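# Structural description and commentary
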Amino acid sequence: MTASTPTTRAKTVKTSTAKTAAAKSNSSNSKTAPPPMFGFKAGSGAAVKVSMGSPVPSKGTTVAVVAVLKDGVLSAAAKRADVDTEGLISAACKLDAQLGKTGTLRTVLNTGNNAGVSAYVLVGLDDAEKLTAKALRKATDAACAAVKSLKPSKVFFALNQELPADCDDEDAASLCARTIVEHFYTFSACRKQEEEPAVLPTFELAATKSTEKAVDKGVRTGVAVGIGMQLTKDLGNLPGNICTPNYLAETAKAMAKQYKLDVDVLDHKKMESLGMFSLLSVGKASSEPPKLIVLKYNGAKNAKEAPVVLVGKGITFDTGGISLKPGANMDEMKYDMCGAASVLGTMKAVAELKLPINLIVVVPTAENMPAGNASKPGDIVVSMSGQTIEILNTDAEGRLILCDALTYVERFNPAAVVDVATLTGACIVALGHINSGLYSPQDDLANELLEAGKRALDTAWRMPLDEEYHEQLKSNFADMANIGGPPAGSVTAACFLQKYTKAYNWAHLDIAGTAWHSGKAKGASGRPVPMLAEFVMARAKA
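Computed from a predicted model, the values in this text were never measured in an experiment.

### Digging into the sheet that holds strand β13 (residues 388-391)
Taken in spatial order, the 3 strands line up as β12-β13-β17 in an open sheet, and their pairing is mixed. Strand pairing shows two members of the sheet lacking a second neighbour, β12 (379-382) and β17 (480-481), which therefore form its edges. With 4 bridges joining them, β12 and β13 adopt antiparallel strand pairing. Paired with Val381 across the strands is Ile389, a residue of β13.

### Let's talk about the packing of aromatic side chains
Under the counting rule described, the total for this entry stands at 6 aromatic pairs. Look at Phe40 and Phe187: their rings are 6.0 Å apart centre to centre, the planes differ by 80°, and that puts the pair in the edge-to-face class. Taken together, the positions of Phe40 in the loop between α1 (17-25) and β1 (49-52) and Phe187 in the loop between α5 (169-183) and β6 (202-205) put the pair 147 residues apart, joining distant regions of the chain. Just as Phe40 is buried, Phe187 falls in that class too. Sitting over the ring of Phe184, Lys148 keeps its end group 5.3 Å from the ring centre.

### Overview of the confidence of the model for the protein chain
Across the protein chain, pLDDT averages 92, with 92% of residues at or above 70. Residue range residues 3-32 is modelled with pLDDT below 50. Its contacts to residues more than four positions away, or to other chains, number 95 contacts.

### A short note on the environment of Leu406
Following the sequence through the fold, Leu406 ends up in helix α11 (residues 398-408). Given the relative accessible area of 0%, Leu406 is considered buried. Linking Leu406 and Val311, residues 95 residues apart in sequence, is a C-alpha distance of 7.5 Å. The contacts of Leu406, once residues within four sequence positions are left out, are Val311, Val417, Asp419, Leu497, Tyr500, Thr501, Tyr504 and Trp506.

### Concerning the pairing of β12
Here β12 shows one buried face, formed by Asp379 and Val381, and one open face, formed by Ile380 and Val382. The turn linking β12 back onto β13 is made up of 5 residues, and Gly386 within it adopts a positive phi angle of 95°.

### Examining helix α15 (residues 529-541)
Counted at 1.5 Å a residue, the expected span for α15 with its 13 residues is 18 Å, and the 18 Å between its end C-alpha atoms agrees. With 10 of 13 residues buried, α15 is to be regarded as a mostly interior element. All of the buried residues in α15 are Val529, Pro530, Met531, Leu532, Ala533, Glu534, Phe535, Val536, Met537 and Ala540.

### Digging into the nonpolar core
Across soluble globular proteins, nonpolar side chains show a tendency to be buried alongside one another. Leu235, Leu248, Leu295, Tyr297, Leu344, Val418 and Leu509 are the most contacted members of the largest nonpolar core, which has 67 residues in total. When neighbours within four sequence positions are excluded, Leu344 is seen to be in contact with Leu231, Leu235, Leu248, Ala252, Met255, Leu295, Val361 and Val363.

### Examining the sheet that holds β1
Judged by pairing direction, the sheet is mixed, and its 6 strands sit side by side in the order β1-β6-β5-β2-β4-β3 without closing on themselves. Strands with a single pairing partner mark the edges of an open sheet, and in this sheet they are β1 and β3 (105-109). Going across the sheet, the axis of each strand differs from the next one's by a mean of 25°, ignoring polarity. Where β1 and β6 come together, 4 bridges link them in parallel fashion. By the bridge assignment for β6, Lys49 is matched with Thr202. Of the strands in this sheet, β2 (63-69), β3 and β4 (119-126) touch helix α3 (residues 88-95), which is tilted by about 140° from β3.

### Quick notes on the side chain of Asp336
For Asp336, the position within the fold is in the loop between β10 (314-318) and α10 (338-353). One polar contact links Asp336 to Lys313, side chain to side chain, over a distance of 2.9 Å.

Definitions and cut-offs
Counting starts from 1 at the beginning of each chain's written sequence and moves along it residue by residue. Reporting in this predicted model follows two pLDDT cut-offs: at least 70 for local features of residues, and 80 or more for side-chain atom pairs to be given and counted; totals over whole chains, interfaces and linings ignore these cut-offs and use all residues. Side-chain metrics in this entry use all non-hydrogen atoms of the structure; hydrogen atoms and water are not considered. Any two strands between which DSSP finds at least two bridges are classified as paired. By the criteria applied, helices consist of DSSP H or I runs no shorter than four residues and strands consist of E runs no shorter than two, each listed in order from the N terminus. Here the aromatic set is Phe, Tyr and Trp, taking the six-membered ring for Trp, and pairing holds for ring centres within 6.5 Å; pairs whose planes are under 30 degrees apart are stacked, those over 60 apart are edge-to-face, and all others are tilted. The buried label goes to any residue with under 20% of its type's maximum accessible area, the exposed label to any with over 50%, and the partly exposed label to all in between, with areas taken from a 1.4 Å probe on protein chains only. By definition, being over a ring means that NZ of Lys or CZ of Arg is both within 6 Å of the ring centre and within 35 degrees of the ring normal. Note on scores: pLDDT gives the predictor's confidence for each residue, bounded by 0 and 100. Contacts were defined at the residue level, with two residues in contact if any of their heavy atoms lie within 4.5 Å. Under the convention used throughout, the expected extent of a helix is 1.5 Å for every residue step, that is, one less than its residue count. For our purposes a nonpolar core is just a set of buried Ala, Val, Leu, Ile, Met, Phe, Trp, Tyr and Cys residues, chained together by side-chain atoms within 4.5 Å. Helix axes are fitted only over the stretch in contact, all axes being lines through C-alpha atoms; the angle between N-to-C directions runs from 0 to 180 degrees. By the criterion applied in these results, polar contacts are pairs of N or O atoms within 3.5 Å in which, for protein atoms, one can donate a hydrogen and the other can accept it, and in which residues neighboring in sequence qualify only through two side-chain atoms.

Here it is as structure tokens:
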């Protein structure tokens, strides 16, 4: 990656109770027991359970989440709750004139004679006719925070019954379920396990006879995307001494075993025989050997149907190489493999949903280190395509591993190829941390991804690929240089990749600004799994 600017947020998955107990019993003093992180398997931790429920809270429910609308008007679920609490809900609305406005919250303890649900979380959604998917997601996240403080065992959740204008019952259920799974994600794999993992609540989303099929389908979709994001976050949050190229390969093999996928891991010798000298040049100074991981899901009725191919940049740590990065915030360069993490997370979601489509995930992965045998500025390497590259900056290494992977995927005769990479700090300068950068010479493919992002609330912004930008990549000594100078750095990086994608429909997502959060919320974001999953789901339906 050309700059070390991106951002993060952290949370995770817990190791099993059995492992924690074993760690305690195997140590005479649990305080000195080593953290069980070296046996941690990404994506294997606990995820909150979400399922379809009934119109009213079922037996054993301890907390219910219901909506209050503009001017304190009760939603259908809130009206039923008002009866069950003998008027406590309506009384709360009269006491708090603000309740009902977007984002307002109030917890009402049930002291009525009709004992059942112990507490109701009232969530303001304002004007039902103006409700948006974004507002519903925000309200769901706020409700989860309130629920978490109550530590319930079972939750009845009815916000999904309030439909935004651009959502149906399935969409609303999917969005709420995904948000719930996201909210309860934590990352503690690298912490000392001193106590038993907290028991996560189970959620039941409200449904009626007329909506139960749609809600059930939506919940399954939302949960699948949520656990795909969990895998992506786990991989991103793990440190570079654990999440190595080999760790990514082992994760892919574990997924292949779990979901009956085909997997192939190309080692140095195999990549060398294919002429992947651009990819190999990046990892040659590291003690961690580079790899090319290929994971195949065959879900289409026609086994020969052209697959969608997702390529994810897997630089498990980026020092910048000889073009060394500044020391400040360099720890965040463990996130330079979030492209790889996101395509693996998308594969997990697709496999969970058993979508009728053929999907291939390709992960070129290496560690970019400085050493006596590292690539130097001015070196020239030959890519798998036969095109030569003058390496003017060893910190522009992501494109050097991606270009060989993009040549390799030609053999699959793909319907479309989307590469995903934390490629440039310049993309953060251009778009900040809101939108991912989207590049594609094909309008149809670009629009598919843009629309998928809008539906998933995981948005991108289309950037230019004008031929004139390619002029910046000219070299006096090779077919191209690997950088084009400071102007339009994200654009010229995409132009570099475009030179290797003329055999198929291609799009590039630069996620340097969206793959993780910095500061207090530091940790992987799980993006762009929602967009990619939505994109693949739409293709599967077509």
